[in-house]
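Structural overview for review
The chain contents come next:
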Amino acid sequence: FACLSIYLLMAQTSVAETEELREARQAADAANQAKSQFLANMSHEIRTPINAISGMNEMILRQELPAEVRKYASNIKSATAALLTIINEILDFSKIESGHMEIVPTDYQLAQVLREVGTLVGVRAHAKNLAFKIHVDPYLPNGLYGDAGRLRQILINLLNNAIKYTPSGSVTLDISGQRSASTLRLRAAVTDTGIGIREEDRARLFHVFERLDIKRNCQIEGTGLGLAITHRLLNMMKGTIQVDSTYGEGSTFTIELPQEVHSFDPIGVFNLNA
Ligand code: ADP
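Presented here is a report on the structure given in the accompanying data block. Residue positions are counted from 1 within each chain, in the order its sequence is given. Selection of residues for local features in this predicted model requires a pLDDT of at least 70, selection of side-chain atom pairs for listing and counting requires 80 or more, and totals for whole chains, interfaces and linings are taken over all residues. Calculation of side-chain values draws on the structure's entire complement of heavy atoms; hydrogens and water are dropped beforehand.

1. Side note on the overall build of the protein
When its secondary structure is counted, the protein shows six helices and seven strands. Numbering of helices and strands runs from the N terminus, with a helix taken as a DSSP run of H or I at least four residues long and a strand as a DSSP run of E at least two residues long. Beginning at the N terminus, the succession of helices and strands in the protein can be written as α-α-β-α-β-β-α-β-β-α-α-β-β. Here the globule rule is a power law, 2.2 Å times the number of residues to the power 0.38, and the radius of gyration is based on C-alpha atoms. Taking 2.2 N^0.38 as the reference for a compact globule, 274 residues should give roughly 19 Å; the C-alpha atoms of the protein span a radius of gyration of 24 Å, well beyond that estimate. The C-alpha extent of the protein, read off along each of the three principal axes, is 90 × 55 × 40 Å. In the protein, buried positions account for 38% of the 274 residues. Every residue pair with non-hydrogen atoms within 4.5 Å of one another is taken to be in contact. Sequence separation of 24 or more characterises 73% of the internal contacts of the protein that already satisfy a separation of 6 or more. Shrake-Rupley sampling with a 1.4 Å probe provides the accessible areas, and residues are treated as covered by the protein chains on show and by no other component. When the accessible surface of the protein is summed, it comes to about 16,100 Å², and 57% of that surface belongs to carbon and sulfur atoms. With 27 positive and 30 negative side-chain charges, the protein shows a separation of 5 Å between the mean positions of the two kinds. Exposure classes here rest on a 1.4 Å probe applied to the protein chains alone. A residue is buried below 20% of its type maximum, exposed above 50%, and partly exposed in between. When charges are counted, Lys and Arg contribute as positive and Asp and Glu as negative, whereas His and the chain ends are disregarded. Note on charges: their place is set at NZ of Lys, CZ of Arg, CG of Asp or CD of Glu.

Below is the structure:
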């Protein structure tokens, strides 16, 4: 009887413990959700006035201005753009964390996405005197089905990083893929001749708010959210990301992403300005 009582007591204690644990976990989840919701609401509220500042500043920039005033207005332009990037990253991150981020697949043309990405990123690369090239396997199918917006965001993020962390040289985007039946495993490799990443730092690259080597890149603006978002988006889309790097020489970030093939017409020779 004594044994049975002890056994029952132990069983009760462990039930109480698991219930306690469950409650604690639920409370932590609820707190996390509330935090993400708060960040999402706040980011949304902040975005509206920043957009207004940016719009009005654009109107000022269209006027005839004394050189000094134009310089101030240009500074406002880059500061508001940087602020919007940060806000958008916080918004995206809190959406992912609170489970509100949706992947929305549609039919899209791969060449069109690459042209949009290339045009935007090309301007930044040239402003920094970096050579920028896009190589595309001409036999890749052009008509795909997937979330083109998120693919664009991931490519822009990796390319912007490549430009940010490359003082001189080049940034290249290589697009290839492997097709089996009507699925294309799209591969995009972003290679730079930049500062590189130490072997021991690589595991931390995708952590939230992680900025490596702060002493070395403290002048380079960033939140440490971009790669965390990229990694989570790729997980949501059953994609992968891999990093190869030589410290001091450069890095290659390679993503692979399954996309449905909706038209087998090959993309052909890719021309950014076509
Ligand atoms: P950040 O906003 O700081 O650029 P990310 O999440 O995009 O945030 O990147 C995290 C960190 O990884 C960066 O702060 C930088 O230290 C490192 N990193 C990212 N891309 C590169 C790259 N192409 N070359 C060297 N370091 C990089």
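2. Focus: the side chain of Ser245
For Ser245, the position within the fold is in strand β6 (residues 240–246). By the criterion applied in these results, polar contacts are pairs of N or O atoms within 3.5 Å in which, for protein atoms, one can donate a hydrogen and the other can accept it, and in which residues neighboring in sequence qualify only through two side-chain atoms. Within polar-contact distance, the side chain of Ser245 engages the backbone nitrogen of Ile197 at 2.8 Å. Sequence-distant contacts of Ser245, defined by excluding residues within four places in its chain, comprise Gly196, Ile197, Arg202, Gly250 and Ser251.

3. Here's the deal with the nonpolar core
Nonpolar side chains in soluble globular proteins tend to be buried together. Core analysis: the largest hydrophobic core is formed by 52 residues, its most contacted members being Leu110, Leu114, Leu151, Leu173, Ile175 and Ile255. Looking at this core, the element that brings in the most residues is helix α4 (residues 148–164), giving nine residues. Here Leu114 is in contact with Ile134, Val136, Leu155, Leu173, Ile175, Ile267, Phe270 and Leu272, once residues within four sequence places are set aside. Buried Ala, Val, Leu, Ile, Met, Phe, Trp, Tyr and Cys residues that are joined via side-chain atoms within 4.5 Å together make up what is termed a nonpolar core.

4. Some points on the packing of α4 against helix α6 (residues 226–236)
Helix axes are fitted to C-alpha atoms over the stretch in contact, other axes to C-alpha atoms as well, and angles between N-to-C directions run from 0 to 180 degrees. Contact pair α4 / α6: the axes reach a minimum separation of 10 Å and the direction vectors enclose 145°. For the pair α4 and α6, the crossing hand works out as left-handed. Residues Arg150, Gln153, Ile154, Asn157, Leu158 and Asn161 of α4 form the contact with α6, whose own contacting residues are Gly226, Leu227, Ile229, Thr230, Leu233 and Leu234. When residues are grouped by polarity, Ala, Val, Leu, Ile, Met, Phe, Trp, Tyr, Cys and Pro land in nonpolar, Asp, Glu, Lys and Arg in charged, and all others, Gly among them, in polar. Residue composition of the contact of α4 with α6, grouped by class: six nonpolar, five polar and one charged. Helix crossings fall into two classes, left-handed where the near helix is turned counterclockwise from the far one by less than a right angle and right-handed where it is turned clockwise.

5. Focus: the pattern of salt bridges
A pair is scored as a salt bridge if a Lys or Arg side-chain nitrogen falls within 4 Å of a carboxyl oxygen belonging to Asp or Glu. In total, this model carries seven salt bridges according to the counting rule given. Measuring nitrogen to oxygen at the nearest pair gives 3.1 Å for the salt bridge that ties Glu58 to Lys77. Separated by 19 residues along the polypeptide, Glu58 in helix α1 (residues 2–61) and Lys77 in helix α2 (residues 67–97) bring together distant segments of the chain. Assessed through its relative accessible area of 27%, Glu58 is described here as partly exposed. You can call Lys77 partly exposed: its relative accessible area is 40%. The salt bridge partner of Arg185 is Glu256, with a shortest N-O separation of 2.8 Å. Of this pair, Arg185 sits in strand β5 (residues 183–192) while Glu256 sits in strand β7 (residues 250–266), placing them 71 residues apart in sequence. Classification of Arg185 by relative accessible area gives partly exposed; the value is 29%.

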